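As a plain string of letters, each chain reads:
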Amino acid sequence: MSSSTPAQPLVRPAASPRVLWAALAVVGALLLLAYLVAFDQGAVSRSGMYLHELMHDGRHLLGVPCH
């Protein structure tokens with residue numbers, strides 16, 4: 001008859017869940033940074049003129065129209 005060994009998974013994951021969560025966090029941080037630099041226009045970065053000017057210079061550096 002059949003043996004009582006547990007079934008083996010057909011496919012093993014390519015990366016561990018920890019690596020996937022870390023990659024997701026990095027992608028999320030990059031998307032947030034891209035939003036702040038390219039589309040924010042000062043709506044979120046009202047904490048001071050230094051942050052606003054830094055994002056404005058980042059727009060010019062990346063070639064994103066801002067005026």
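Model, not experiment: these values are computed from the prediction.

**Some points on the overall build of the protein**
Link 1 in the chain: When its secondary structure is counted, the protein shows two helices and zero strands.
Link 2 in the chain: In the protein, which comprises 67 residues, the share counted as buried stands at 16%.
Link 3 in the chain: Just so you have it, the protein exposes about 6,000 Å², and 70% of that area is on carbon and sulfur atoms.

**Points about the packing of helix H1 (residues 17–38) against helix H2 (residues 49–62)**
Link 1 in the chain: Where H1 meets H2, the axes come as close as 8 Å, and the angle between the chain directions of the two elements is 95°. Relative to H2, the element H1 lies roughly perpendicular. Counting all contacts with H1, which are made through Leu36, Val37 and Ala38, the residues of H2 involved are Met55, Gly58, Arg59 and Leu62.
Link 2 in the chain: When its residues are assigned to classes, the contact of H1 with H2 shows five nonpolar, one polar and one charged.

**With respect to the side chain of His56**
Link 1 in the chain: One can find His56 in helix H2.
Link 2 in the chain: The residues contacting His56, other than those within four sequence positions of it, are Cys66 and His67.

**What about a nonpolar patch on the surface?**
Link 1 in the chain: A cluster of nonpolar side chains, namely Val26, Leu30 and Leu33, defines an oily patch on the protein surface of about 280 Å² accessible area.
Link 2 in the chain: Mapped onto the fold, Leu30 is located in helix H1.
Link 3 in the chain: On the basis of relative accessible area, Leu30 is assigned to the exposed category, the value being 52%.

**Points about H2**
Link 1 in the chain: For H2, with 14 residues, the first-to-last C-alpha span of 20 Å sits near the 20 Å given by 1.5 Å per residue.
Link 2 in the chain: By the burial criterion, the buried members of H2 are Met55, His56, Gly58 and Arg59. Taken down its axis, H2 places every buried residue within 155° of arc, on the same side. Those residues of H2 that are exposed and angled more than 90 degrees off the buried face are Met49, Tyr50 and Leu61.
Link 3 in the chain: Of the residues flanking the end of H2, it is Gly63, one or two places downstream, whose phi is positive at about 80°.

**Here we look at H1**
Because an α-helix completes one turn every 3.6 residues, residues spaced three or four positions apart along the sequence face the same direction.
Link 1 in the chain: In a regular helix each residue adds 1.5 Å, so 22 residues correspond to 32 Å; H1 covers 31 Å between its end C-alpha atoms and thus fits that length.
Link 2 in the chain: If you check which residues of H1 are buried, you get Leu36, Val37 and Ala38.
Link 3 in the chain: Where the residues of H1 are buried, they touch H2.

Thresholds, definitions, all that
Residues numbered from 1 in each chain as written. Predicted model: local features only at pLDDT ≥ 70, side-chain atom pairs only at ≥ 80, totals over all residues. Heavy atoms only, no water. Helix = DSSP H or I, 4+ residues; strand = E, 2+ residues; numbered from the N terminus. Buried < 20%, exposed > 50% of the residue type's maximum accessible area, 1.4 Å probe, protein only. Areas by Shrake-Rupley, 256 points an atom, 1.4 Å probe, with all protein chains shown as cover. Axes fitted to C-alpha atoms, helices over the stretch in contact; angles between N-to-C directions. Parallel < 35°, antiparallel > 145°, perpendicular 65-115°, else oblique. Contact = heavy atoms within 4.5 Å. Nonpolar A, V, L, I, M, F, W, Y, C, P; charged D, E, K, R; others polar. Patch = residues over 30% accessible without salt bridge, like charges linked within 9 Å, V, L, I, M, F, W, Y side chains within 5 Å. Salt bridge = Lys/Arg side-chain N within 4 Å of Asp/Glu carboxyl O. Expected span 1.5 Å × (residues − 1). Arc of directions from axis to C-beta.

What is shown is where atoms sit, not what they do.
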